[in-house]
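Chain by chain, the residues run as shown.
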Amino acid sequence: MTSSEHPGSDQAPVRLLLIDGHAMAFRAFFALPADGFTDGRGQSTNAVYGFARMLFNVVASERPTHVAVAFDMAGGTFRDRIYDQYKAGRDETPAQFIGQIALIQKTLDALGVTWLEVPDFEADDIIATLATRMRTREQEALIVSSDRDAIQLVGPGVTLLQPVKGVTEMRRMDPAAVEEKYQVTPEHYPDLAALVGESADNLPGVPGVGPKTAAKWIGKYGDLESLLEHAEEITGKAGQSLRDHVEDVRRNRVMNAAVTDLELPDDEVVFTLGRGDRAAVHDVFDDLAFGATIRRDLPAVFLPEGEDGTDAAADEQAAELPEITRPEGKDLAAALRGPFADGAALAIDGTWELGLGEARRIALSTESALAVIDLERLDTDGERALAAWLSDASVRKDAHDAKLAVHELSARGLDVEGWGTDLSLAEFLCRPDQRPTDLAGLAMRHLQEELEAEQAAPQQTLDLEGDDGAADESLARAADAVRRLVPLLRTDLEEHEATALHDDLELPLATVLGEMEAVGIQVEDEVLADLDAEHERRQTEVAEAAFSEIDGERINLGSPKQLQEVLYERLGMPKGRRTKTGYSTNAETLTDLFEKTQHPFLAHLLAHRDVTKMRQIIETLRRFIAEDGRIHTTFHQNIAATGRLSSNNPNLQNIPMRTEDGRRIRSAFVVSEGYEQLLTADYSQIEMRIMAHLSEDEGLIEAFRSGEDLHRFVASRVFDVAPEDVSAAMRSKTKAVSYGLAYGLSAFGLARQLHISQAEATGLRDGYFERFGGVRDFLRESVEQARSTGYTETILGRRRYLPDLTSDNRQRRENAERVALNSPIQGSAADIIKLAMLRVAADLREAGLRSRVLLQVHDELVLEIAPGELEQVRDLVVTGMGDAYEISVPLEVGVGVGRTWLDAAH
DNA sequence: CAAGCGATCAT
DNA sequence: ACATGATCGCTTGT
């Protein structure tokens, strides 16, 4: 309890939040699209949504003890009687805004927030009265209003939050901030405003006098009254203008004076928080068709105490590490039959770099025991015991990164079965848009909280990666951290309905990927060396040719900055698209420029770009060829938020394919000794097939069942001609629309891509949607549903959370909408090929075949075929991929075979 | 030396 | 202003 410093205020400190209801509702209305937020019965709810979010935000961040919302009343105010032009000339209320104020008030009722309106007065007067009351009582008031009349209320204990952008970004105005911004104190702000005028209220000020002059005058004469008394002294145009408009100024000053003595409730209870009713809020939100996102953000302070009580779960477990044992040999066998018999969390101190396993030790942790095992000092008995334990599927093992562990252990001939939980995968499934480092940090904070709850937080930071000969204790603590985090992540998985995805898809896949990485793919360095040498020659040639076109000056062709100088300054070419830092020099721009100017420099520059890119790719690949003559990429399961894999060190998922020259790189990827062929198998148009499945569009489904070429079929419908009469142009345009749709392509973007007018692009899209309405409905509903639930979902229930779908920032919101369109499609394709990989790997193993999967490239698998196994493997792969998951159209799989990756293309 | 940017490769 | 990635070289900031 803090004792009061002044008499008469023996009550607890009050922090009253005052909101200008109409002003904020209007702001919300214009910050969010009215068409994007409706209750399903034609009533727009964007203002209600934005208002609620603003309220939740401010309450959560400012922690007021009391709240009141003030509204203007219909029917005018006393100010209209003083000045009949007050607020004249305002635009009519938008039709979609109508009714939303009543809905906001309904929401406030459910939240137990008092709202006020007083006949004949404005919201500002209500706020002024209450703010003044708080100020006299030396309590705090916090005003949220975009109306400038609120500025005069700022003072000791009274702060104004002015919305800056949208409804969530606020600027804090205390007396100092007001003075800083307007050069007058808050109480003199109405004086300034009277001189300057307020166009929003149709109150013209003194012509030729702006805030600078007004502030100067007020500073000189003290206040408006003294200024007007000395009006004769002021020289110049402004002085005359002032004398000519004294009447206006006096009127303005009367109009903008806030009324501070309204009769308003003054009951302790009236404005207190905590009187909301969760059920009522949900009813109102149901009625408004609000989704889960905003419900989650409802601050608990609105509800009665105890209803949202979160105190629970005191941990009985001590934070002290169990004694670390270092079992060796026969001891190990005993230990593994003892406390570790049911499973353990596992940590490893190695790294997977260029295919070299470097693990020296592993740490195992259970609730009661902890062991660090030195792999290099194990004797035969110990190794045998460890191998048996690791490969016993009935013993559950958890790890931060199971794939990494697989590498380190299998490099020493130890195979692992019976994985339980992989923290990195669990974290990713729950929060796919977070970077792994952030997730690790998040996990660490969870852990820290738990340890603090146990009041025995260790001082050391935990290093889940393990590293450079760190002490046994560090490794042991990492294993202990895994152990402690597993139950938390299991709960997390349940909450995100991702348990099955983790247990039955991602974690088993990790082992498969680990094997693929370890095997790698054979690369012929000589082929790459020749290719590099050839491109080096061509690079010199085109560079010289380019220089000769610009007076022989040897600029750096790789420097966008220097290129801009040459192209747009020296050669005076027309400036096209802009980038953040200047004018674009990308291939599209350069090609356009070439068409316009025919300047040979541009052609040479483009050629230089191509060969440079080629060399870059070739040299990168060569650097990654390991001792064994193979490239071992790393596949990541926790990077691409849609659920795709990513590949790095090097990236083998973006080896050139589009151009003839680029494809030659693929001829360096070859079948290795002891194997017969490379086989590639890819899904044909899997994303469009998923679109057909998810949208249930009959036309699209028929397209795939007909066996006709997809784009030809679709084009024949769109352009209303027989399939055989579809021209190449029709087909390629239709194809662009088909693929663009899944990416949220706009008419603008389509026009740019196809070099057609925006009108033609719009027509194309409309024509498409006319014939394939199911697709349009599906896309629209995807976004709508995601906005409501807060996430998108794939066919396997993989979620992606998209809070930006309700952002008041248009760019962010529209980006989230495109993501919402694309994620279920791209993500479902990722799900399907992952299922296929598990199946193919399992089938190969069960059939006792030596052939193996080497790479995955989103919709394609690359396998290495052992002698004599081609037919069997081909069937197995085609079936495995084709039947991986049943959707309403067939999943077609194309197969190619050859000595090199290029030859295996089909 | 790191970080941001622009460009370009893949599906 | 069309989704998901990786990588490189240049430029700029620490």
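Residues numbered from 1 in each chain as written. Chains lettered and ligands numbered in written order. Predicted model: local features only at pLDDT ≥ 70, side-chain atom pairs only at ≥ 80, totals over all residues. Heavy atoms only, no water.

**What about the sheet that holds strand S13 (residues 396-399)?**
So the rule is basically this: Any two strands are treated as partners once DSSP identifies two or more bridges connecting them. Think of it this way: any DSSP run of H or I at least four residues long counts as a helix, any run of E at least two long counts as a strand, and we number them from the N terminus.
Read across the open sheet, the 6 strands follow the order S9-S12-S11-S10-S13-S14; overall the sheet is mixed. Each edge of the open sheet carries a strand with a single partner, namely strand S9 (324-325) and strand S14 (419-422). Here 5 bridges tie strand S11 (residues 361-365) to strand S12 (residues 370-374), and the two strands are oriented antiparallel to one another. From the neighbouring strand, Ile362 faces S12, where its bridge partner is Ile373.

**Concerning the protein's contact with DNA strand B**
Under the convention used in this document: Near is defined per residue: the residue qualifies when any heavy atom it owns lies within 4 Å of the molecule or strand. The term polar contact refers here to a pair of N or O atoms within 3.5 Å; inside protein, the definition further demands a hydrogen-donor-capable atom paired with an acceptor-capable atom, and it admits residues adjacent in sequence only when both atoms are side-chain atoms. Residues are grouped as follows: Ala, Val, Leu, Ile, Met, Phe, Trp, Tyr, Cys and Pro are nonpolar; Asp, Glu, Lys and Arg are charged; all remaining types, including Gly, are polar.
Near DNA strand B lie 19 residues; those nearest to it are Thr585, Arg644, Asn654, Met657 and Arg658. Sugar and phosphate atoms form 88% of the subset of DNA strand B atoms that lie within 4 Å of the protein. Here a phosphate oxygen of DNA strand B and a side-chain polar atom of Arg658 are 2.3 Å apart. Class assignment of the residues belonging to the surface near DNA strand B gives a composition of 5 nonpolar, 8 polar and 6 charged.

**Examining the sheet that holds strand S15 (residues 521-523)**
A sheet is described by the order of its strands in space; here 3 strands give the open sequence S16-S15-S19, paired in antiparallel fashion. Across the chains shown, the open sheet's two edge strands, defined by having one partner strand only, are strand S16 (630-631) and strand S19 (669-670). Bridge analysis of S15 against S19 gives 2 bridges, and the strand direction is antiparallel. Directly across from Gln522, in S19, lies its bridge partner Val670.

**Quick look at helix H4 (residues 100-111)**
In plain terms, the rule: Helix span, expected: 1.5 Å multiplied by one less than the number of residues in the helix. We call a residue buried when its accessible area falls under 20% of the maximum for its residue type, exposed when it is over 50%, and partly exposed in between, using a 1.4 Å probe and counting protein chains only. Note on contacts: a residue pair is in contact if any heavy atoms of the two residues lie within 4.5 Å.
Compared with the 16 Å implied by 1.5 Å per residue over 12 residues, the 16 Å span of H4 between its first and last C-alpha is a close match. Counting buried residues in H4 gives 9 out of 12 residues, a clear majority hidden from the surface. For H4, every residue scored as buried is listed here: Gln100, Ile101, Leu103, Ile104, Gln105, Thr107, Leu108, Ala110 and Leu111. In this structure, the buried side of H4 is in contact with helix H1 (21-31), helix H2 (46-62), strand S2 (66-70), strand S3 (114-116) and helix H12 (278-288). In the stretch just after H4, Gly112 is the one whose phi turns positive, near 70°.

**Some words on the pairing of strand S10 (residues 343-348)**
In terms of burial, S10 is largely enclosed, as 6 of its 6 residues are buried. Note that S10 and S13 share 4 bridges and pair parallel. By the bridge assignment for S13, Leu346 is matched with Ala399. The pairing of S10 with S11 spans 4 bridges and is antiparallel.

**Thoughts on the pairing of strand S20 (residues 677-683)**
Counting buried residues along S20, 5 of its 7 residues qualify, which places the element largely inside the surrounding structure. Both S20 and strand S24 (residues 860-865) contribute to a ladder of 6 bridges, which runs antiparallel. Its bridge partner being in S24, Ala681 is matched across the sheet by Leu861. Here 6 bridges tie S20 to strand S25 (residues 893-898), and the two strands are oriented antiparallel to one another. Its bridge partner lying in S25, Leu679 is registered against Val897.

**Focus on a negative patch on the surface**
Stated formally: To count toward a patch, a residue needs a relative accessible area above 30% and no salt bridge. Like charges then connect within 9 Å, nonpolar side chains (Val, Leu, Ile, Met, Phe, Trp, Tyr) within 5 Å. Accessibility throughout is a Shrake-Rupley quantity obtained with a 1.4 Å probe, and a residue counts as covered only by protein chains that appear here. Between Lys or Arg on one side and Asp or Glu on the other, a salt bridge is scored when a side-chain nitrogen of the former is within 4 Å of a carboxyl oxygen of the latter. His is not counted here, nor are the chain ends, while Lys and Arg score as positive and Asp and Glu score as negative. To locate a charge, take NZ of a lysine, CZ of an arginine, CG of an aspartate or CD of a glutamate.
Among the surface-exposed residues, Glu328, Asp331, Asp379 and Glu383 lie close enough to one another that they form a single negatively charged patch. Within the element layout of this structure, Glu328 appears in the loop between S9 and helix H14 (329-337).

**Description of the UniProt feature "domain: DNA-directed DNA polymerase family A palm" (unreviewed entry) in chain A**
Our working rule: UniProt positions are given in the numbering used here, feature names are shortened, and annotations may be inferred rather than shown by experiment.
As recorded in UniProt, the feature "domain: DNA-directed DNA polymerase family A palm" (unreviewed entry) lies at residues 662-869. For residues 662-869, helix accounts for 58% and strand for 12%, while the C-alpha atoms at its two ends are 31 Å apart.

**Some remarks on the protein's contact with DNA strand C**
Residues in close proximity to DNA strand C total 33 residues, the closest being Ser559, Arg623, Ser746, Gln753 and Arg818. Within the side chain of Asn651, a nitrogen or oxygen atom sits 2.8 Å from a sugar or linking oxygen of DNA strand C. Broken down by secondary-structure element, the contributors of at least two residues to the surface near DNA strand C are helix H24 (600-623), strand S18 (646-648), helix H30 (747-754) and helix H33 (810-846). For the surface near DNA strand C, the element with the most residues is H33, which contributes 6 residues. Classifying every residue of the surface near DNA strand C gives 8 nonpolar, 20 polar and 5 charged.

**Details of the pattern of salt bridges**
As enumerated under the stated definition, the model contains 55 salt bridges in all. Taking the shortest distance from any N to any O, the salt bridge between Arg570 and Glu565 comes out at 3.9 Å. Look at Arg570 and you get partly exposed, because its relative accessible area is 37%. Of the charged contacts in the structure, one is a salt bridge between Glu702 and Arg717, with a shortest N-O distance of 3.1 Å. With Glu702 in helix H27 (residues 698-706) and Arg717 in helix H28 (residues 710-718), this pair connects stretches of sequence that are 15 residues apart. Connected through salt bridges with shared partners, the residues Arg15, Glu62, Glu140 and Arg172 form a single ionic network.

**Structural notes on the side chain of Asp532**
Position of Asp532 relative to the elements: it lies in helix H21 (residues 525-548). The class of Asp532 is buried, set by a relative accessible area of 9%. A distance of 3.1 Å separates the side chain of Asp532 from the side chain of Arg615, its partner in a polar contact.

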